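As a plain string of letters, each chain reads:
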Amino acid sequence: MEIVSLVVALGTLAFALYTYLKHDKELKAQQKFINKYEIERIKKEVVVQKKADVRAYVTNIRGDYNHTGTLVVKNYGKAVARNVQLVSHSFFQRKNYSIPHIEIKELLPEIQQEYQLRWAFGDGGEIPVRIMWSDESGKNRTNECTVQL
């Protein structure tokens, strides 16, 4: 009887050891997959953290004949934008109005700079502008957009 108990105990121990090793192998494979995913996600976050996203728009437009408004240049990204330049395209230069060439040394994330604009009746519309800046992800990044007057 003792031999039967010993055989059953050894069989149970062997089965438990086999189950533990199999389960441990599956857990390690899953953990390896999760670690790979986490590393890729962190790399993508680091790239996003190094980018600035500079945009421009006009707000507070008012007036009947001589219009005024506020040109807002804002960094929507998560990195500091350096040497920001806002330039209106050369084909837009009208005799009465053009967007001034704007240079900003540093534009912090979620910070905006405001500039007062004035234009005559009929000089509004969509004005194409190019915004150029450098940040931690690279130099000479650009954004082509239109500013609605």
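It should be emphasised that the depicted structure is a prediction, and the values quoted were computed from it without experimental measurement.

Undergrad: Explain the packing of aromatic side chains here, please?
TA: How two aromatic rings sit relative to each other is given by the distance of their centres and the angle of their planes. Going through the model one piece at a time under the given rule, you end up with 0 aromatic pairs. Just above the ring of tyrosine 76 sits the side chain of arginine 55; from NZ or CZ to the centre is 4.5 Å.

Undergrad: Which parts of the structure should I look at to understand the environment of asparagine 140?
TA: Residue position: asparagine 140 is located in strand β7 (residues 138–148). Take asparagine 140: its relative accessible area is 67%, and that puts it in the exposed class. C-alpha separation for the pair asparagine 140 and arginine 82, spaced 58 residues apart in sequence, amounts to 9.9 Å. The residues contacting asparagine 140, other than those within four sequence positions of it, are Trp133 and Ser134.

Undergrad: Just checking my understanding: could you explain a nonpolar patch on the surface for this structure?
TA: Where nonpolar side chains cluster on the molecular surface, the patch consists of Leu6, Leu10 and Leu13 and spans about 320 Å² of accessible area. Mapped onto the fold, leucine 10 is located in helix α1 (residues 2–49).

Undergrad: Sorry, what's going on with the confidence of the model for the protein chain here?
TA: Detailed reading of predicted coordinates is not advised where the pLDDT is low. On average, the protein chain scores 82 in pLDDT, and the residues at 70 or more come to 87%. In the model of the protein chain, strand β5 (residues 112–120) stands out as the element of lowest mean pLDDT, 78, in contrast to α1, which has the highest, 90.

Undergrad: Help me understand unusual backbone geometry in this model?
TA: If you check the backbone angles, asparagine 83 has positive phi at about 55° while not being a glycine. Inspection of the secondary structure puts asparagine 83 in strand β3 (residues 81–88). The residue glutamate 110 is not glycine, and still its phi comes out positive at about 60°. Of the residues examined, glutamate 110 reaches a relative accessible area of 47% and is grouped as partly exposed.

Reading guide: rules and limits
Residue positions within a chain follow its written sequence, with the count starting from 1. Under the rules for a predicted model, residues below a pLDDT of 70 receive no local features and side-chain atom pairs below 80 are neither given nor counted, while totals for whole chains, interfaces and linings still include all residues. Side-chain metrics in this entry use all non-hydrogen atoms of the structure; hydrogen atoms and water are not considered. Each pair of aromatic rings taken from Phe, Tyr and Trp, with Trp reduced to its six-membered ring, is defined by centres within 6.5 Å and is described as stacked if the planes are under 30 degrees apart, edge-to-face if over 60, and tilted in the remaining cases. A ring is scored as having a charge over it whenever the NZ atom of a lysine or the CZ atom of an arginine sits within 6 Å of its centre and within 35 degrees of its normal. Put simply, DSSP H or I for four residues or longer makes a helix, DSSP E for two residues or longer makes a strand, and each gets a number counted from the N terminus. Only protein chains enter the accessibility calculation, which uses a 1.4 Å probe; a residue whose area is less than 20% of its type maximum is buried, one above 50% is exposed, and one in between is partly exposed. In this description, contact between two residues means that some pair of their heavy atoms is separated by no more than 4.5 Å. Grouping into patches uses exposed residues only, defined as over 30% relative accessible area, and leaves out salt-bridged ones; the cut-off is 9 Å for like charges and 5 Å for nonpolar side chains (Val, Leu, Ile, Met, Phe, Trp, Tyr). Accessible surface area values rest on a Shrake-Rupley calculation with a 1.4 Å probe, where residue burial reflects the displayed protein chains alone. When a carboxyl oxygen of Asp or Glu lies within 4 Å of a side-chain nitrogen of Lys or Arg, that pair is called a salt bridge. Predictor confidence is given residue by residue as pLDDT, running from a minimum of 0 to a maximum of 100.

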